[in-house]
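Listed below, chain by chain, are the residues.
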Amino acid sequence: MTSDDHHSHDHTESPVDLALQVKALESLLVEKGLVSEETLDALIETYEHKVGPRNGAQVVAKAWAQPEFKEWLLKDANAAIASLGFTGRQGEHMRVVENSAKVHNLVVCTLCSCYPWPVLGLPPVWYKSAPYRARVVRDPRGVLVEFGTSLDDDVQIEIWDSTAEMRYLVLPERPVGTEDWPEEELANIVTRNSMIGVETVHVTEDGDNSGAKADS
Amino acid sequence: MRGSHDLGGLEGLGSISPEPESSEPVFHAEWEKRIFALTLAVGFLGQWNLDQSRHARERQTPKDYLRHSYYENWCVGLKTLLLEKGLVSQNEFNTGKMMSHVSTSGLSPMQAKDVPTILMQGGSVEMETDKPAGFAPGDRVRVRKEVSSGHTRVPSYLRGRVGEIKRHHGTHVFADRNALGCREAEHLYSIQFSSREIWGDGVESGGAFAVRVDLWEPHLENQ
């Protein structure tokens with residue numbers, strides 16, 4: 001073994017070691033009566049299966065379909081979003097920012113991983129990654145290209161760095177050709193990434209982004 | 001402090017390489033699920049707050065913070081706080097065996113049946129104060145260069161920069177002091193900075209842009 005091998009062995013946890021370490025920690029905390037396995041399961045179940053970006057998609061679809069809801073959402077996001085039942089942890093202080101042909105909003109947390117959980121669930125790996133957090137406040141157009149998004153030169157980009165407990169949701173621009181769509185179908189084309197602001201919403205030729213065929 | 005977590009503007013970190021949205025799982029390993037849930041459940045005991053939790057992750061060396069995966073940093077943070085609060089000893093971490101019972105009197109562990117209500121309620125950080133707001137929308141302000149040596153929510157790329165107050169959010173618990181265990185209210189503002197103010201003309205990929213951040217009154221001074 002070279003000294004480099006030895007070094008990396010000392011300081012890098014293998015996935016197996018990590019899994020064992022976390023298991024040991026859980027056993028210890030359960031034995032001490034500080035947590036219960038059922039509680040941990042319930043927490044995981046919530047964010048793995050119940051709270052996710054489909055919530056945010058419903059908010060967006062409603063704002064697209066109902067002008068008065070959109071107005072309420074942009075003015076008092078907390079109340080408007082709560083009216084759909086999406087409240088709570090990491091969404092206590094919500095603000096919705098609207099994309100248009102002139103302005104494109106983009107959300108980041110350069111200091112950690114702040115993200116609006118009740119409407120988007122837990123953040124994807126890339127949102128928490130060092131490259132995204134580092135680059136998006138310096139080279140947003142370059143970052144957007146990595147997501148396959150190119151904006152016209154005259155679009156003003158606004159980046160929301162979530163440095164306090166305010167949480168931001170992007171209201172993407174409604175794609176043309178969806179004027180007659182009902183809310184459910186609109187919700188199907190809203191992607192998580194469009195609500196973070198790294199993508200725009202498209203209607204693909206064979207229907208929509210999710211595979212659920214739209215009639216119109 | 002400028003900790004290793006303070007990444008805005010740092011170069012040389014490579015590409016983002018996002019996983020496709022349609023195929024990315026919420027968690028990528030069983031242990032990620034468990035450390036996520038452990039962090040929330042133990043946090044609920046109220047032995048520390050969210051800012052102390054963030055600070056515990058940020059206090060690692062830059063080398064460790066950047067080399068660790070996201071949930072590995074959560075694991076380090078949780079263990080640090082458990083040790084510091086005396087809920088688990090180093091010996092217990094080393095052996096994986098419980099050596100001493102923690103007095104759970106006064107602690108009320110989260111119950112599985114309460115999880116939906118607790119998560120739906122969340123925890124507002126709005127907090128009243130008699131202090132008048134020092135700034136108003138339209139004011140030009142400079143971000144103070146001197147910040148505490150502990151936890152701060154001022155990103156280093158904005159220190160000394162001048163921006164415009166766009167909105168007064170009201171009064172929120174001040175994160176920098178909260179990380180020290182002092183729950184105090186300060187006025188919170190949304191401030192806009194131009195890319196030119198932050199980075200000069202050397203903005204890559206063309207085109208100016210704006211950055212909006214939320215900072216508390218003690219972070220700001222009159223321009």
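Structural data are supplied above this passage.
Below, the structure is looked at part by part. (Residues numbered from 1 in each chain as written. Chains lettered and ligands numbered in written order. Predicted model: local features only at pLDDT ≥ 70, side-chain atom pairs only at ≥ 80, totals over all residues. Heavy atoms only, no water.)

**Brief notes about the interface of chain A and chain B**
This is how it is decided: We call two residues contacting when some pair of their heavy atoms lies within 4.5 Å. The buried area of a pairing is the accessible area, by a 1.4 Å probe, that goes missing from both parts when the two are put together, added over both. Salt bridge criterion: a side-chain nitrogen from Lys or Arg within 4 Å of a carboxyl oxygen from Asp or Glu. Starting at the N terminus, helices and strands are each numbered in turn, a helix being any DSSP run of H or I of at least four residues and a strand any DSSP run of E of at least two. Amino acids outside the nonpolar list (Ala, Val, Leu, Ile, Met, Phe, Trp, Tyr, Cys, Pro) and the charged list (Asp, Glu, Lys, Arg) are all regarded as polar, and Gly is one of them.
Facing the 82 residues of chain A at the interface are 92 residues of chain B. Roughly 7700 Å² is buried in total at the junction of chain A and chain B, and carbon and sulfur atoms are behind 61% of that figure. Inspection of the chain A/chain B interface yields seven salt bridges. Its salt-bridge partner being Lys32 of chain A, residue Glu92 of chain B comes within 3.0 Å of it at the nearest N-O pair. For the side of chain A that touches chain B, the leading source of residues is helix H3 (residues 37-50) of chain A, giving eleven residues. Its residues assigned to classes, the side of chain A that touches chain B shows 36 nonpolar, 21 polar and 25 charged.

**With respect to the sheet that holds strand S3 (residues 185-194) of chain B**
The condition that has to hold: Only when DSSP finds a minimum of two bridges between them are two strands counted as paired. Convention adopted: a line fitted to C-alpha atoms gives each axis, helices being fitted over their contacting stretch, and angles between N-to-C directions are expressed from 0 to 180 degrees.
Taken together, the seven strands give an open sheet; going across it, the order is S2(A)-S3(A)-S4(B)-S3(B)-S2(B)-S1(B)-S5(B), and neighbouring strands pair in mixed fashion. If you trace the sheet from one side to the other, it starts and ends with strand S2 (103-108) of chain A together with strand S5 (220-222) of chain B, each paired once. The sheet shows a mean angle of 35 degrees between the axes of neighbouring strands, taken without regard to direction. Both strand S1 (residues 140-143) of chain B and strand S2 (residues 162-173) of chain B contribute to a ladder of three bridges, which runs antiparallel. Residue pairing for S2 of chain B: Arg142 of chain B is matched across the bridge by Val162 of chain B.

**Focus on the nonpolar core**
So the rule is basically this: Nonpolar cores were defined as sets of buried Ala, Val, Leu, Ile, Met, Phe, Trp, Tyr and Cys residues, with membership established by side-chain atoms within 4.5 Å. With a 1.4 Å probe rolled over the protein chains alone, any residue whose accessible area is under 20% of its type maximum counts as buried; one over 50% counts as exposed, and the rest are partly exposed. In this entry, domain limits derive from an automatic or database-based domain assignment.
Tyr132 of chain A together with Leu82 of chain B are the most contacted members of the largest nonpolar core, which has 116 residues in total. Per element, the largest residue contribution to this core is eight residues, and it comes from helix H1 (residues 30-43) of chain B. Both of domain 1 (30-121) and domain 2 (140-222) of chain B provide at least three residues apiece to this core.

**Some words on the packing of aromatic side chains**
All names here are of chain A. Note the following rule: By convention, a stacked pair of Phe, Tyr or Trp rings (six-membered ring in the case of Trp) has centres within 6.5 Å and planes under 30 degrees apart, an edge-to-face pair has planes over 60 apart, and any other such pair is tilted.
Taken as a whole and assessed by the stated rule, the structure comprises 20 aromatic pairs over all chains. Ring geometry for Trp126 and Tyr127: centres 6.1 Å apart, planes at 70 degrees, overall edge-to-face. Note on accessibility: Trp126 and Tyr127 belong to one class, buried. Look at Tyr127 and Tyr132: their rings are 5.8 Å apart centre to centre, the planes differ by 35 degrees, and that puts the pair in the tilted class.

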